[in-house]
Amino acid sequence: MTTRLTVAQALVRFLAAQYTERDGVRQRLISATWGIFGHGNVAGLGQALVEYGDEMPFHQGRNEQSMVHAAVGYARQSNRLSTHAVTTSIGPGATNLVTGAALATINHLPVLLLPGDIFATRVADPVLQQLEVPYAGDISVNDSLRPVSKYFDRVTRPEALIPAALQAMRVLTDPVETGAVTLALPQDVQAEAYDWPEEFFAERTWVVRRPGADPTELAEAVRAIREAQRPLVIAGGGVHHSRAEEALEEFARATGIPVASTQAGKGSLRHDHPQDVGGVGHTGTATANELARQADLVIGVGTRYTDFTTASGTLFEQRGVRFLNLNIAPYDGHKLAGQPLVADARSGLTELTEALQLHTHRVSGTYIDEYSLDKERWEQRVDACFEADEPDIRPTQPQVLGALDALVDESDVVINAAGSLPGDLHKLWRARSRDQYHLEYGYSCMGYEIPAAIGVKMAAPERNVWALVGDGTYLMMPTEIVTAVQEGIAIKLLLIQNHGYASIGGLSETVGGERFGTAYRYQSDDGTYTGAPLPVDLAANAASLGMRVLRAKTVRDLRAALAEARAADTPTCVYVETETADTVSGPPPAQAWWDVPVAETATRPSAVKARELYERHVSTRRRHL
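Here, residues in each chain are numbered from 1, in the same order as that chain's written sequence. Where totals are concerned, whole chains, interfaces and linings use all residues; where local detail is concerned, this predicted model gives features only for residues with pLDDT of at least 70, and gives and counts side-chain atom pairs only at 80 or more. Neither water nor hydrogens contribute to the side-chain values; these are computed over all heavy atoms in the structure.

### Topic: the packing of aromatic side chains
Only rings of Phe, Tyr and Trp enter the pairing, Trp through its six-membered ring, and a pair is recorded when the two centres are within 6.5 Å. The plane angle decides the type: under 30 degrees is stacked, over 60 is edge-to-face, the rest tilted. Scanning the entire structure with this criterion turns up 12 aromatic pairs. Judged by centre distance (5.4 Å) and plane angle (20 degrees), the ring pair of Phe37 and Phe58 falls under stacked. With Phe37 in the loop between strand 4 (30-35) and helix 2 (42-51) and Phe58 in strand 5 (residues 58-60), this residue pair connects regions lying 21 residues apart in the sequence. Taken together, a centroid distance of 4.5 Å and an interplanar angle of 65 degrees make the contact between Phe308 and Trp594 edge-to-face. Taken together, the positions of Phe308 in helix 12 (residues 307-310) and Trp594 in the loop between strand 23 (572-577) and helix 24 (605-618) put the pair 286 residues apart, joining distant regions of the chain. The classification of residues rests on relative accessible area computed with a 1.4 Å probe and restricted to protein chains. Under 20% of the type maximum is buried, over 50% is exposed, and intermediate values are partly exposed. Under the relative-accessibility criterion, Trp594 is labelled partly exposed at 25%. We count a charge as sitting over a ring when the NZ of a lysine or the CZ of an arginine lies within 6 Å of the ring centre and within 35 degrees of the ring normal. Positioned above the aromatic ring of Tyr437, the side-chain terminus of Lys266 is 5.5 Å from the ring centre. The ring centre of Trp429 lies 6.0 Å from the NZ or CZ of Arg432, which sits over that ring. Working definition: helices are DSSP H or I runs of at least four residues, strands are E runs of at least two. Numbering for both runs from the N terminus.

### Comments concerning unusual backbone geometry
Looking along the chain, the bond that leaves Asp125 and enters Pro126 is cis, with omega of 0 degrees. Structurally, Pro126 is set in the loop between strand 7 (111-117) and strand 8 (151-154). The backbone of Asn79 shows a phi angle near 60 degrees, a positive value even though the residue is not glycine. Its place among the elements puts Asn79 in the loop between helix 3 (64-77) and strand 6 (83-88). Overall, the relative accessible area of 13% leaves Asn79 in the buried class.

### Re helix 10 (residues 245-255)
All buried positions along helix 10 are accounted for by Glu245, Ala247, Leu248, Phe251, Ala252, Ala254 and Thr255. The contact criterion used throughout is that any non-hydrogen atoms of two residues lie within 4.5 Å. If you follow the buried residues of helix 10, they end up packed against helix 8 (215-227), strand 12 (231-235), helix 9 (237-241), strand 13 (259-261), strand 15 (297-301) and helix 14 (345-357). Phi turns positive one or two residues past the end of helix 10, at Gly256, with a value near 75 degrees.

### Thoughts on the packing of helix 3 against helix 5 (residues 97-106)
For any two helices packed against each other, one specifies the crossing angle of their axes together with the interaxial distance. The N-to-C vectors of helix 3 and helix 5 enclose an angle of 20 degrees; their axes lie 7 Å apart at closest approach. Classified by the angle their axes make, helix 3 and helix 5 are roughly parallel. In terms of crossing hand, the pair formed by helix 3 and helix 5 is right-handed. Judged by residue contacts, Glu64, Gln65, Val68, His69 and Val72 of helix 3 engage Leu97, Thr99, Gly100, Ala101, Leu103 and Ala104 from helix 5. Note on geometry: axes are lines fitted to C-alpha atoms, helical ones only across the stretch in contact, with angles between N-to-C directions running from 0 to 180 degrees. Roughly parallel covers angles under 35 degrees, roughly antiparallel covers those over 145, roughly perpendicular covers 65 to 115, and oblique covers all other angles. Handedness of a helix crossing follows the sense of rotation of the near helix relative to the far helix, less than a right angle counterclockwise being left-handed and clockwise being right-handed.

### Considerations on helix 23 (residues 555-567)
How far a helix is expected to stretch is found by multiplying one less than its residue total by 1.5 Å. For helix 23, which comprises 13 residues, the first-to-last C-alpha distance of 19 Å matches the rise-based estimate of 18 Å (1.5 Å per residue) to within 8%. Residues of helix 23 that are buried: Val555, Leu558, Ala561, Leu562 and Ala565. Seen end-on, helix 23 carries its buried residues on one side only, within an arc spanning 120 degrees. For helix 23, the secondary structure elements touched by its buried residues are helix 16 (397-405), strand 20 (465-470), strand 21 (492-497), strand 22 (548-552) and strand 23. The directions considered for the arc are those from the helix axis to the C-beta atoms.

### Observations concerning a nonpolar patch on the surface
The patches described consist of residues with a relative accessible area above 30% and no salt bridge, like charges being joined within 9 Å and nonpolar side chains (Val, Leu, Ile, Met, Phe, Trp, Tyr) within 5 Å. Only the protein chains shown count as cover for residues, and the accessible areas themselves come from Shrake-Rupley with a 1.4 Å probe. Counted as salt bridges are all cases of a side-chain nitrogen of Lys or Arg within 4 Å of a carboxyl oxygen of Asp or Glu. A contiguous nonpolar surface patch, about 340 Å² in accessible area, is contributed by Leu475, Tyr522, Leu534 and Val536. In this structure, Leu475 sits in helix 19 (residues 471-476). In this structure Leu475 comes out as partly exposed when scored by relative accessible area, which is 46%.

What follows is the structure in structure tokens.
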């Protein structure tokens, strides 16, 4: 039996019949499609989505990159078991997908990209927006998506859709390989009819695997833990992807081993769990970083060991320190010349706990007392940062976070990606649930927060979802506010105005750049941006896009506005002005180094001094072999 449909119609029907299953729970793999239509997809996928709208929900976007961010936010909140597709026209619509695709792939989050493409038949050549490449006739701008996709195919014939679509689903549901998947769809092929076998449209369930550990690797891991005197767990995003939080809690409780977390792994344990010692690395806590410096065994669980986590190779100082890497991806399991334990995070932690309980293994009471006392001291520093003795003055950025921290409960989700906020949040935020802390720091992409908040709210409509955004990030990509208003998606936007790129301004100062080009100010006579702040009203801008806006001038105002926004059932923005970009934000300074190379030769004193400090830090870097 066959059914005659266009390629686009067949693809929509196929996608509507794909499901995932893990731990006995089954759900739609592609639950909706985002789109902006142009000549490259309007007659193909556009028509197909009208034809089969009852099978495939559709969401209208304003920016192609933002649509990918929304899909990624949805996928992360859905534990990578469900995601969205994104369709665009050819040309700039397709190339606007690249940043979002890179973000998805770097963070191992599934999203299906369906950009239109030039004519496969080449009867109209060059078409509007086509890139002509003299040395190759089969290249289009969509090829720019190849290096940022985990799977890429160009469907140049109708029958080629069948293997391409099946391979796309395989990669989307593979816990190791998942990321952005691109099916480039020539606009003439999208509209071409074909006789499709009925089995192509049958429901398929893709089982998301939980592989256990190899017995030999497990035995070696147990031995390494039993021999360690000062072990430290570093929990990465893989803990959340695997839903391994309870397994990690049981492991930590049974062994007494402290748990630090990366940006992606924060919340793996609640902030008040006895074994939680906070963020680790450049933006981490003093407690976690001191433990890392003295650790003789670092147990990485679902982490990629980025430079922020390792302090650019300077954090793990102990002579003879070893690494045990529990990771579902062999590539990450072997990092830092570590001992791999290749397994699903939940399966691996459960097996480790059971094996260690046979030996009643637990770290010494002295070690537990030591990190418990340090944890208490750090919490006192957090309290001091959050404290606002004078409620009628303009708040610092940490005081803004403190006001939100005092209001939320475990049902709230806090989203951020770039600027000075990730550092403050990693050090100071008290995560109350496994998925409250949603930081996109693999790509740290400005503009992610608002569309991602929409995606998270779609996946969890019962939750209060906060997008924390600085003025620099807001100016990058505020357009999906219109989408939130249009669809009645009641996200909360906390918009912090500090008149510039505060994070990079601070970094610029430490590397001898003297905050050049980082403030949002008028130009002075010398060409630097050191004049008066710009008269930009971001609150008015958000209101012009349809959002309800609450302005807060003082700490007292802020507390009231946040409470009002949290209770709102429409998209609501709280706007607050903090310090300008040429002042510090007030949190504890970095507790570990980060390698940003400094000019080797310079005449300006600030750069000379920065280079001297840089060379001292570089001298402490280690290669762990």
